[in-house]
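# A structural walkthrough
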Amino acid sequence: MKRKRLSTEKYLEGILSQNKVILSQAITLIESTNPSDELLATELIRKLPVSDESSKCIKLGITGVPGVGKSTFIDTFGNFLTSKGLSIAILSIDPSSQKTGGSILGDKTRMENLARDPDAYIRPSPSGSTLGGVAHKTHETILLCEAAGFDCIIVETVGVGQSETMVKEMVDFFLLLMLAGGGDELQGIKRGIMEMADSIIIHKADGDNIKTAKRAKVNYQNALHLFPPNLNNWIPQVSLCSSLQNTGIEDAWQIIQQFMNQMSGNGFLQKNRADQKQKWFTNLLQHKLLQKLYKSPELKQEINQSIERISSGQINVPSAVSLILDKI
């Protein structure tokens, strides 16, 4: 049965009224690769209200290695936020199979409490082959959730050890969850991810693991002091948390609020959001231009001929690229 599409006006009306069913349908529309869906999605995006850099919506990125308990943390943390009267949207990126492209999309199962919370919206999306486990359309999905008026948007990444730079460039605050007790903790994560983190939480700090978690906290604090100071003058903080025992959740929120207040006060938040939009514009423009070029039959023929000439040793790669660029 063919899915019935709404008009852009109906999509927009549903999004602005925070109708979760229509919001989900709009996100599905944006994620679609069907040409007619893409046209409708483009029209919808154009009609969305433009959010400025002073938006009160807080965008959080949460990452960590598989097994660290990201979904469990978000379930507990999200319930804490809704108990404070905040509405939240969780954009959870599910791992996709590199062979079949399929994904589990089981976040509503892993976040049982939030799935029943009327002030929470959970949207799992397949990561595909996008670098860092971030779905290609996450930027647009964030726009929809901002237009829907959510107070907080949380982007949960796969945490597969690839570059998480893409998430950092979408959010205001980047949170890294870590585990203690796995040997030398500082060997378990790349320095680059630690440098991007605005806060590190040692998760599952409960039971027999408390002493180890406290020791890991000191190690991470010492390691962070070795990094160059951030341009925003923020000093990343390390804290302990147990989602099962509901400890450290309020501390995590206080750190985020402290960060947002400091960044708003020194103007960095507004500047960072403007820089993020500029980077997104550049990246999206490059992507769309390449898409448009590759749709050209003449260019496809030139590329195929170049590949044949490279394979037969008639020309080297830089020369082949230069010839195609000259013809474009």
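Everything discussed here concerns the structure shown above.
We now turn to the structure provided with this report. What you see is a predicted model; the values in this text were computed from it and never measured.

### Considering the overall build of the chain
Scanning the chain from terminus to terminus reveals 14 helices and seven strands. A buried classification covers 43% of the 328 residues belonging to the chain. Partitioning the intrachain contacts of the chain with sequence separation of at least 6 by distance along the chain shows that 74% fall at a separation of at least 24.

### What to know about the pairing of strand β5 (residues 173-178)
With six of six residues buried, β5 is to be regarded as a mostly interior element. Residues Phe-173, Leu-175 and Leu-177 point to one face of β5 and Phe-174, Leu-176 and Met-178 to the other, with burial holding for every one of them.

### Regarding the nonpolar core
By size, the foremost hydrophobic cluster in this structure holds 46 residues, and its most contacted members are Leu-144, Ile-200 and Ile-202. No other element matches the six residues that helix α2 (residues 20-31) contributes to this core. Membership of the second largest hydrophobic core comes to 32 residues, among which are Ala-120, Cys-152, Leu-177 and Ile-255.

### Quick word on the side chain of Asp-172
Within the element layout of this structure, Asp-172 appears in the loop between α8 (165-168) and β5. Given the relative accessible area of 4%, Asp-172 is considered buried. One polar contact links Asp-172 to Arg-273, side chain to side chain, over a distance of 2.8 Å. The residues touching Asp-172, leaving out its near neighbours within four places in the chain, are Cys-57, Ile-58, Lys-59, Asp-198, Phe-259, Met-260, Leu-269 and Arg-273.

### So, the packing of aromatic side chains
Counted according to the given criterion, the structure contains five aromatic pairs. Plain terms: the ring middles of Phe-173 and Phe-259 are 5.0 Å apart, the flat faces sit at 80 degrees to each other, and that makes the pair edge-to-face. Of this pair, Phe-173 sits in strand β5 while Phe-259 sits in helix α11 (residues 249-266), and the two are 86 residues apart along the sequence. Its relative accessible area of 1% is what places Phe-173 among the buried residues. The exposure class of Phe-259 is buried, given its relative accessible area of 2%. A connected cluster of aromatic rings, assembled from ring pairs, spans Phe-73, Phe-77 and Trp-253.

Quick notes on the rules
- Residues numbered from 1 in each chain as written.
- Predicted model: local features only at pLDDT ≥ 70, side-chain atom pairs only at ≥ 80, totals over all residues.
- Heavy atoms only, no water.
- Helix = DSSP H or I, 4+ residues; strand = E, 2+ residues; numbered from the N terminus.
- Buried < 20%, exposed > 50% of the residue type's maximum accessible area, 1.4 Å probe, protein only.
- Contact = heavy atoms within 4.5 Å.
- Core = buried A, V, L, I, M, F, W, Y, C linked by side-chain atoms within 4.5 Å.
- Polar contact = N/O pair within 3.5 Å; in protein donor to acceptor, adjacent residues only side chain to side chain.
- Phe/Tyr/Trp six-rings, centres within 6.5 Å; stacked < 30°, edge-to-face > 60°.

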